[in-house]
Amino acid sequence: MSEQKKRAKLPRGFVDLSAADIAATEKMLAAIKDSYALYGFEPVETPLVEYTDALGKFLPDQDRPNEGVFSFQDDDEQWLSLRYDLTAPLARYVAEHFDRLPKPYRSYRVGNVFRNEKPGPGRYRQFMQFDADTIGTSSVAADAELCMMAADTLERLGIERGKYVIKVNNRKVLDGVMESIGLGGEENAGRRLTVLRAIDKLDRLGPEGVRLLLGPGRKDESGDFTKGAGLDASAVSRVLNFTGWKDAGTGAPGTSGSSEATLANFEDAVGQSQFGREGVEDLKVFRNLIETANYQDRILIDPSVVRGLEYYTGPVFEADLTFEVPGEDGKPIRFGSIGGGGRYDGLVGRFRSEDVPATGFSIGVSRLYAALKAINSPIVTGAARRGPVVVLVLDQAEIARYQNFVAQLRSAGIAAELYLGSSGMNAQLKYADKRGALCAVIQGSNERAEGKVAIRDLVLGAELAAATKDRADYIELRTRAQFSVPESELVAAVREVLGRHR
RNA sequence: GCCGCCAUAGCUCAGCUGGUUAGAGCGCUAGAUUGUGGAUCUAGAGGUCCCCCGUUCGAUCCGGGGUGGCGGUACCA
């Protein structure tokens, strides 16, 4: 290695996908698609790039896009950005084609989205989302339907009932609670945001951490200090009580189980707040829909769900995996949220004179894939790759003859390839093995003299090769895992071997 | 963004108070086996010891500053 060789290095926060990854992802996507289609959603696809202002991501008081999005300027100086979710582009699409779309408009879409921010475990700068949205109705039935569909979809993906939960909350209720502790009004918007962010951290920091964030502030392990919301003690316990954790941290996430008890608590928590009461009413209707459809064991009302502070306006949902998996260092890993959504009545309205009610749900495909791999879900592990039949080249002078074998197999519809390297037989078999080939075709001078080809069953061969100790066993091996046929029977013999391992 | 830890072969890491040819295991590529995947043995390829400056006769090692990676935290549509 000398001068300036380029560094072969993937940018951080991005991933390469192997053949196995792609096969597994495609199976996942097919399952999700089936589920969404069954609920009557139709596909639509928008490009990776949008005008930055359509995404609404300019920095305040500047003509430059937000740093969280990958952006560049067109030749007319217009700012363009890579999409950072699938919802904002959908809002643009619906607004642009409003007149010709059926309303309510039900659609799904899948694709990669990009975020230009610090990657972490399970957080990438490019990742795949799979969304379904209903636009043009404010019916709670639309929200409930999405939650039920989310549950069905997770089960279709091989996640058993009980290993996941769809949590639901309502932003209006949260706002009502704020109002009841004196944080209503425009002037308290900043503090409300701080309180919501604190609640959002409940599952990670626990009630004590959140208590500090609601009050004076919290110092983390590295010594960094986060300023708190500065609420007084009674307001702090009122908020904590609302989220389901009592003073001493009794209770735990997702264990309450009873949406009914949660709702009763809500009514108390929002007090006289008009907005809050509306939210509670919505949730009651929601709960009835869920119970009538018999989903109450999978879809729970949970006051700690916050999400999407900027644009969700009513119900918010989150799909959580509840199981843990031992990590490489032995410490248990919990995957947590693998999807979410909610009602965003204001988004389409950014492009039109009137507001258009809308609600949607999004699955984080990349993260879900990692989780499914960890539990060895058949949907991803069963997607084993299957390589082509490999025709070995034992005599470079006869390469045209070998190529002819390959052509025969291909015209019979069997994936096949000629070994194109320059190594010996040993290495060629290793190659075939690595490719995941089931079968190799071999013709050396001996076979050629007789007008025959040897067909090698690589699956059987692997078993026998591993067990074989002495030379005598090779005879046995050959008869079972490898046999010769006349050249004219090549295709039939290969078919027979492939048929063994279907 | 803020705080902390780390940086030697593709991977995991050794490298004696600073001493001239920088190592191991695994992996990779081959050979032993006219012509059979494992195992074994042998050989080979692969390094600006992250970068720059400084201290020193001499720096992979010591000091300063960068850069990159990891973890935590903040933000997160």
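The structure we're discussing is the one just above.
This one's a predicted model, so the numbers in the text were calculated from it and none came from an experiment.

Draft legend 1. Representation of empty space enclosed by the protein within the structure. This structure, assessed with the given rule, holds 1 cavity of 30 Å³ or more. If you add up the space inside the largest cavity, you get close to 50 Å³. Along the walls of the largest cavity sit Ser259, Phe286, Arg287, Ile290, Glu291, Gln296, Ile299 and Ile301, which together make up its complete lining. Looking at the lining of the largest cavity, the elements with two or more residues in it are α10 (274-292) and β10 (299-301). For the lining of the largest cavity, the leading source of residues is α10, giving 4 residues.

Draft legend 2. Highlighting the packing of aromatic side chains. A full pass over the atoms with the stated rule returns 10 aromatic pairs. Here the aromatic rings of Tyr108 and Phe130 are separated by 5.7 Å at their centres, their planes lie at 40°, and the arrangement is tilted. In this pair, Tyr108 sits in strand β5 (residues 105-114) while Phe130 sits in strand β6 (residues 126-135), placing the two residues 22 residues apart along the sequence. For Tyr108, a relative accessible area of 9% gives the class buried. Measuring from centroid to centroid gives 4.9 Å for Tyr311 and Tyr312, while their planes differ by 70°, and the two rings are edge-to-face. By the ring-pair criterion, three or more aromatic residues cluster together here, those being Tyr36, Tyr108 and Phe130. Looking at Lys103, its charged tip hangs above the ring of Phe98, at a distance of 4.3 Å from the centre.

Draft legend 3. Seen up close, the sheet that holds strand β3 (residues 71-73). Across the sheet, which stays open at both edges, the 3 strands sit in the order β2-β4-β3 with antiparallel pairing between neighbours. With one partner strand each, in any of the chains shown, β2 (49-51) and β3 form the two edges of the open sheet. Here the strands of the sheet are splayed against their neighbours by 35° on average, with no regard to which way each runs. Across 3 bridges, β2 lies against strand β4 (residues 79-82) in antiparallel orientation. For Tyr51, the partnering residue across the bridge sits in β4 and is Leu80.

Draft legend 4. Quick peek at the pairing of β4. Pairing of β3 with β4 involves 3 bridges; the strand directions are antiparallel. Across the sheet, Gln73 pairs through a bridge with Trp79, a residue of β4.

Draft legend 5. Broad picture of the packing of helix α4 (residues 140-156) against α10. Contact pair α4 / α10: the axes reach a minimum separation of 9 Å and the direction vectors enclose 50°. When the interaxial angle is binned, α4 and α10 end up oblique. In the packing of α4 onto α10, the handedness of the crossing is right-handed. Of the residues in α10, those touching α4 at Val140, Ala141, Asp143, Ala144, Cys147 and Met148 are Asp282, Val285, Phe286, Leu289 and Ile290. For the contact of α4 with α10, a count of residues per class yields 9 nonpolar, no polar and 2 charged.

Draft legend 6. Structural detail: the pattern of salt bridges. In this structure the tally under the stated criterion is 26 salt bridges. Salt-bridge contacts for Lys172 lead to Glu278; the nearest nitrogen and oxygen are separated by 3.5 Å. Within this pair, whereas Lys172 is found in helix α5 (residues 171-180), its partner Glu278 is found in helix α10, the two being separated by 106 residues in sequence. One network of salt bridges, with partners in common, ties together Glu155, Arg161, Asp297 and Arg298.

Draft legend 7. Local environment of the environment of Leu82. Positionally, Leu82 belongs in strand β4. The spacing of Leu82 and Arg435 is 353 residues in sequence and 36 Å in space, taken between C-alpha atoms. Sequence-distant contacts of Leu82, that is, excluding residues within four places in its chain, are made with Leu48, Val49, Leu55, Phe70 and Phe114.

Draft legend 8. Structural detail: helix α8 (residues 233-242). Listed as buried for α8 are Ala235, Val236, Val239, Leu240 and Phe242. Viewed end-on, α8 has its buried residues packed into an arc of 160°, placing them on one side of the element. Facing away from the buried side of α8 by over 90 degrees, the exposed positions are Ala233 and Ser234. Looking at the buried positions of α8, the neighbouring elements they touch are α5, α6 (189-200), α7 (202-214) and α9 (259-270). Phi for Gly244, located one or two positions after α8, is positive at around 105°.

Draft legend 9. Region of the structure containing a negative patch on the surface. Together, Asp74, Asp75, Asp76 and Glu77 make up a negatively charged patch on the protein surface. Looking at the element boundaries, Asp76 is found in the loop between β3 and β4. Residue classification places Asp76 among the partly exposed positions, given a relative accessible area of 44%.

Draft legend 10. Up close: a nonpolar patch on the surface. Together, Val15, Leu17, Ile22 and Tyr124 make up a nonpolar patch on the protein surface, roughly 340 Å² of accessible area in all. Judged by its relative accessible area of 30%, Tyr124 falls in the partly exposed class.

Draft legend 11. Local environment of the environment of Ala370. Within the secondary structure layout, Ala370 lies in helix α11 (residues 365-374). Ala370 sits in the partly exposed class, given a relative accessible area of 32%. Note: C-alpha distance between Ala370 and Ile333 (37 residues apart in sequence) is 11 Å.

Draft legend 12. Examining the packing of helix α1 (residues 19-38) against α11 more closely. Look at α1 against α11: their axes get within 11 Å of each other, and the N-to-C directions meet at 110°. One element, α1, and the other, α11, form an angle in the roughly perpendicular class. Listed contacts from α11 to Ala20, Asp21, Ala24, Met28, Leu29 and Ile32 of α1 are Val365, Leu368, Tyr369, Leu372 and Lys373.

Draft legend 13. Inspection of the sheet that holds strand β15 (residues 416-418) at higher detail. One open sheet accounts for 5 strands, arranged β15-β14-β16-β17-β18; its pairing is mixed. Either end of the sheet is taken by a strand with one partner, and the two such strands are β15 and β18 (482-486). Strand-to-strand twist in this sheet, taken as the mean axis angle between neighbours without regard to direction, amounts to 25°. Relative to strand β16 (residues 439-442), strand β14 (residues 389-391) is paired through 2 bridges, and the arrangement is parallel. Paired with Val390 across the strands is Ala440, a residue of β16.

The rules we used
Residues numbered from 1 in each chain as written. Chains lettered and ligands numbered in written order. Predicted model: local features only at pLDDT ≥ 70, side-chain atom pairs only at ≥ 80, totals over all residues. Heavy atoms only, no water. 1 Å grid on protein atoms, 1.4 Å probe; cavity = no way out; pocket = protein on both sides within 12 Å on 5 of 7 lines; lining within 4 Å. Points joined across faces, edges and corners; volume = space filled by probe spheres on them. Helix = DSSP H or I, 4+ residues; strand = E, 2+ residues; numbered from the N terminus. Phe/Tyr/Trp six-rings, centres within 6.5 Å; stacked < 30°, edge-to-face > 60°. Buried < 20%, exposed > 50% of the residue type's maximum accessible area, 1.4 Å probe, protein only. Lys NZ or Arg CZ within 6 Å of the ring centre and 35° of its normal. Pairing = 2+ DSSP bridges. Axes fitted to C-alpha atoms, helices over the stretch in contact; angles between N-to-C directions. Parallel < 35°, antiparallel > 145°, perpendicular 65-115°, else oblique. Left-handed = near helix turned anticlockwise from the far one by under 90°. Contact = heavy atoms within 4.5 Å. Nonpolar A, V, L, I, M, F, W, Y, C, P; charged D, E, K, R; others polar. Salt bridge = Lys/Arg side-chain N within 4 Å of Asp/Glu carboxyl O. Arc of directions from axis to C-beta. Patch = residues over 30% accessible without salt bridge, like charges linked within 9 Å, V, L, I, M, F, W, Y side chains within 5 Å. Areas by Shrake-Rupley, 256 points an atom, 1.4 Å probe, with all protein chains shown as cover. Lys, Arg positive; Asp, Glu negative; His and termini not counted. Charge placed at Lys NZ, Arg CZ, Asp CG, Glu CD.

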